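So the chains spell out like this:
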Amino acid sequence: NWVVAAILQAQKRKDRVSVIVKFIRLMFELKSLKNFNGMMAIFGALNMIPIQKLKKTWKDVPRKAMDMMKAVGDILPSTGNMKAYRDTIRDAAPPA
């Protein structure tokens, strides 16, 4: 996965935090553009075990970025057969 590779290639924690924040912002922008496939791909990559194990790195991620991550996570819960995700897609206006 390109997202995972980009994060893990950063040698310093500060650089990993920067890459994670950029992907969170990109994921949030994809959400606003109604590109749900890309949004879900980045969200899945950020939740992969090798990335989630970077505990010290995640502690340095700014609160605003974590709030953005939570906002997307609220759309993509694996419970309820992805009902929130299906509802979001159903209610989204088609591209102009």
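Quick summary incoming for the structure in this document. The shown structure was predicted, so the numbers you read here are calculated from the model rather than taken from an experiment.

### With respect to the nonpolar core
Point 1. Core analysis: the biggest nonpolar cluster contains 28 residues, and Ile7, Ile24, Met27, Met39, Leu46, Trp58 and Val61 have the highest contact counts within it.
Point 2. The greatest single-element share of this core, amounting to 8 residues, is contributed by helix 2 (residues 13–32).
Point 3. Leaving out residues up to four positions away in the same chain, leucine 46 has contacts with Val3, Ile7, Ile20, Ile24, Met27, Ile51, Gln52, Trp58 and Met69.

### Quick notes on the pattern of salt bridges
Point 1. This structure, assessed with the given rule, holds 6 salt bridges.
Point 2. As a salt-bridge pair, lysine 70 and aspartate 74 come within 3.2 Å of each other at their nearest N and O atoms. Taken as a pair, lysine 70 and aspartate 74 lie in helix 6 (residues 63–75) at a separation of 4 residues, close to a single helical turn.
Point 3. The class of aspartate 74 is partly exposed, set by a relative accessible area of 46%.
Point 4. One salt bridge connects aspartate 87 with lysine 83, and the closest N-O pair in it is separated by 2.8 Å. Here aspartate 87 pairs with lysine 83, and both are found in helix 7 (residues 83–91), just 4 residues apart, close to one helical turn.
Point 5. On the accessibility criterion, lysine 83 (46% relative accessible area) is partly exposed.

Basis of the calculations
- Residues numbered from 1 in each chain as written.
- Predicted model: local features only at pLDDT ≥ 70, side-chain atom pairs only at ≥ 80, totals over all residues.
- Heavy atoms only, no water.
- Core = buried A, V, L, I, M, F, W, Y, C linked by side-chain atoms within 4.5 Å.
- Buried < 20%, exposed > 50% of the residue type's maximum accessible area, 1.4 Å probe, protein only.
- Helix = DSSP H or I, 4+ residues; strand = E, 2+ residues; numbered from the N terminus.
- Contact = heavy atoms within 4.5 Å.
- Salt bridge = Lys/Arg side-chain N within 4 Å of Asp/Glu carboxyl O.

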